[in-house]
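Read off the chains here:
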Amino acid sequence: MMTRLLGLLSPARSGHRVAGQTVLITGAGQGIGHELAVLLHERGAQVVLVDIDGHAVAAIAHRLGDRALAVTADVTDREAMRQAVIRTVAHFGTLDVVVANAGVVPRPATLRIMDGADFDRVIDINLTGVFNTVRPALDQIVTARGHVVVISSCAAFAPGMAGAPYMISKAGVEQLGRALRVELAPFGATAGIAYFGIVDTDMTRATLDRDELGRDLDDLLPWPLNVRITATRAAEVIADGIERRAARTIAPLGWEPYALLRGLVNVLLDRALAADPRVHDLVRRAEQRRVRTE
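Residues numbered from 1 in each chain as written. Predicted model: local features only at pLDDT ≥ 70, side-chain atom pairs only at ≥ 80, totals over all residues. Heavy atoms only, no water.

**Some details on the overall build of the protein**
Formally: In this text, helices come from DSSP runs of H or I with a minimum length of four residues, and strands from runs of E with a minimum of two, each type numbered from the N-terminal end. Based on C-alpha atoms, the radius of gyration is set beside the globule rule, defined as 2.2 Å times the residue count to the power 0.38. Partly exposed describes any residue whose relative accessible area lies between the buried limit of under 20% and the exposed limit of over 50%, with all areas from a 1.4 Å probe on protein chains only and scaled to the type maximum. A 1.4 Å probe and the Shrake-Rupley method give the accessible areas. Residues count as covered only by the protein chains that appear here. Only four residue types enter the charge count: Lys and Arg as positive, Asp and Glu as negative, with His and the chain ends excluded. By convention, the point assigned to a charge is CZ for Arg, NZ for Lys, CD for Glu and CG for Asp.
Scanning the protein for helices and strands turns up 13 helices and nine strands. For the protein, whose C-alpha radius of gyration is 19 Å, the value lies close to the compact-globule estimate of 19 Å for 294 residues. Across its three principal directions, the C-alpha atoms of the protein cover 55 × 50 × 30 Å. Relative to its 294 residues, the protein shows a buried fraction of 49%. For the protein, the exposed surface amounts to about 14200 Å²; the carbon and sulfur share of it is 56%. On the protein, the mean spot of the 33 positive side-chain charges and the mean spot of the 33 negative ones are 5 Å from each other.

Have a look at this one:
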């Protein structure tokens, strides 16, 4: 029984390769998406770089040269994402892999005093944007017996104080990915979920390094959960997962025990955090700062 369980948790290894395949990546103008596009292009894939920043993806595609296409689109715009898929197929003739990577983080705030527009923005980009990216591509993925990757986060199963919209959105992405993998299986296509802890990107640095409350939140993470990886390393994990059609990938590996034991860990952790004076102070300061700025 244990052997069977470990087999289900381990990534599938089919020897799948990306050379000659077309991969569409959202959020490709910077960070993980940019690094992934460059890496997959080096491995012989045709890459479609999708981002709301058209200048950024155009510059990257120009630098890559052949087998790269830049598409300006906002993942919250359902029709724009449908057109991105249409343009991809018209240009390359196929779409084999989709990576729904675009995402944002909110400013630290509690749910009690959070602006509803801030909550909606995170959900619209991080969760609904994944649906908008994946849904119009699924007919092509089924035809190609291809692969979909959705970028969740270890935040999907971590406490969400002062940043709940992000955690909520990533938990939703996790469930979307799980459902999608089962739904694609009858057609020979696959889907995988990528979980990351802290990835050292401009977005992370703005949230955890240049913001006082963000630094305090970061300080609450014990080793090894506070270990950071580079965007390049995150891209390597995704690319290797695509190569073997992995059902799940996670990095850094220090998060793996937490991921596997989350049912027990979270019961204990939520209780501990609710009683922690440091967390109480952080929550109060988050609310006070937000009130002062309004």
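**Thoughts on a nonpolar patch on the surface**
Stated precisely, the cut-off is as follows: Each patch is built from salt-bridge-free residues with over 30% relative accessible area, joining like charges within 9 Å and nonpolar side chains (Val, Leu, Ile, Met, Phe, Trp, Tyr) within 5 Å. Salt bridge, as used here, is a side-chain nitrogen of Lys or Arg placed within 4 Å of a carboxyl oxygen of Asp or Glu.
Taken together, the side chains of Leu264, Val267 and Leu268 define a hydrophobic patch exposed on the protein surface, amounting to about 300 Å² of accessible area. You can see Leu268 is positioned in helix 12 (residues 262-274). You can call Leu268 partly exposed: its relative accessible area is 48%.

**A closer look at the nonpolar core**
Defined as follows: Nonpolar cores were defined as sets of buried Ala, Val, Leu, Ile, Met, Phe, Trp, Tyr and Cys residues, with membership established by side-chain atoms within 4.5 Å. We call two residues in contact whenever any of their non-hydrogen atoms come within 4.5 Å of each other.
Core analysis: the biggest nonpolar cluster contains 41 residues, and Val134, Val148, Val150, Phe157 and Leu184 have the highest contact counts within it. The element that contributes the greatest number of residues to this core is helix 4 (residues 78-92), accounting for five residues. Beyond its immediate sequence surroundings of up to four residues, Leu184 is in contact with Leu138, Ile141, Val142, Val148, Ala189, Thr190 and Ala191.

**Quick word on the packing of helix 5 (residues 116-134) against helix 7 (residues 164-184)**
What counts is decided by this rule: Helix axes are fitted only over the stretch in contact, all axes being lines through C-alpha atoms; the angle between N-to-C directions runs from 0 to 180 degrees. By the definition adopted for this analysis, an angle is roughly parallel if under 35 degrees, roughly antiparallel if over 145, roughly perpendicular if from 65 to 115, and oblique otherwise. Each crossing gets its handedness from the near helix: less than a right angle anticlockwise from the far helix is left-handed, clockwise is right-handed. Residues were grouped as follows: Ala, Val, Leu, Ile, Met, Phe, Trp, Tyr, Cys and Pro as nonpolar; Asp, Glu, Lys and Arg as charged; and all remaining residues, including Gly, as polar.
Look at helix 5 against helix 7: their axes get within 8 Å of each other, and the N-to-C directions meet at 15°. Between helix 5 and helix 7, the crossing angle belongs to the class labelled roughly parallel. You can see that helix 5 and helix 7 cross each other, and the crossing is right-handed. From helix 5, Phe119, Val122, Ile123, Asn126, Leu127, Val130, Phe131 and Val134 reach across to helix 7, where they touch Pro165, Tyr166, Ile168, Ser169, Lys170, Gly172, Val173, Leu176 and Leu180. By residue class, the composition of the contact of helix 5 with helix 7 is 13 nonpolar, three polar and one charged.

**Things to note about the pairing of strand 1 (residues 22-26)**
In regular strands, side chains alternate between the two faces of the sheet. Where we set the bar: Call a crossover right-handed when, viewed with both strands pointing away from you, the route from the first strand across the helix to the second goes clockwise. Paired strands are those between which DSSP finds at least two bridges.
Most of strand 1 sits inside the fold, with five of its five residues counted as buried. The two faces of strand 1 match: Thr22, Leu24 and Thr26 on one face and Val23 and Ile25 on the other face are all buried. Taking the sense of rotation as the criterion, the β-α-β connection linking strand 1, helix 2 (residues 31-42) and strand 2 (residues 46-51) turns out right-handed. Looking at chain direction, strand 1 and strand 4 (residues 97-100) are connected through three bridges and run parallel. Paired with Ile25 across the strands is Val99, a residue of strand 4.

**Let's talk about the packing of aromatic side chains**
Short version of the rule: For this analysis, a ring pair means two rings from Phe, Tyr or Trp (six-membered ring only for Trp) whose centres lie within 6.5 Å, classed as stacked if their planes differ by under 30 degrees, edge-to-face if by over 60, and tilted for the remaining angles.
Applying the stated rule across the entire model yields four aromatic pairs. Seen from their ring centres, Phe157 and Tyr195 are 6.0 Å apart, and the 50° between their planes marks the pair as tilted. Note that Phe157 is positioned in the loop between strand 5 (147-151) and helix 7 and Tyr195 in strand 6 (residues 190-196), a separation of 38 residues in sequence. Taken as a pair, Phe157 and Tyr195 share a single burial class, namely buried. Centre to centre, the rings of Phe157 and Trp255 are 6.2 Å apart; their planes meet at 65°, and the pair counts as edge-to-face. Residue Phe157 is found in the loop between strand 5 and helix 7, and its partner Trp255 is found in the loop between strand 9 (248-251) and helix 11 (256-260); the two are separated by 98 residues along the sequence. The burial state of Phe157 is the same as that of Trp255; both residues are buried.

**Observations concerning the confidence of the model for the protein**
Here is the rule: Each residue gets a pLDDT score, which is the predictor's confidence in that residue and runs from 0 to 100.
Summing up the model confidence of the protein, the mean pLDDT is 90 and the portion of residues at 70 or higher is 90%. Scored below 50 in pLDDT, residues 1-16 makes 18 contacts in the model with residues more than four places away or belonging to other chains.

**Thoughts on the pattern of salt bridges**
What the rule picks out here adds up to twelve salt bridges. A salt bridge links Arg262 to Glu174, with the nearest nitrogen and oxygen atoms 2.9 Å apart. Placement of Arg262 in helix 12 and of Glu174 in helix 7 is noted, with a sequence separation of 88 residues between them. Assessed through its relative accessible area of 5%, Glu174 is described here as buried. Put simply, Arg248 and Glu256 hold a salt bridge, and the shortest N to O gap is 2.9 Å. Taken together, the salt bridges that share partners define one network made up of Arg17, Arg43, Asp240 and Glu243.

**Overview of helix 7**
Here is the rule: Helices are assigned an expected span. That span is 1.5 Å times one less than the residue count.
With 21 residues, helix 7 should reach 30 Å at 1.5 Å per residue; the first-to-last C-alpha distance of 30 Å fits that figure. Where helix 7 is concerned, the buried positions are Ala164, Pro165, Tyr166, Ser169, Lys170, Val173, Glu174, Gly177, Leu180 and Leu184. Where helix 7 is buried, its residues touch helix 5, helix 6 (138-144), strand 5, strand 6 and helix 12.

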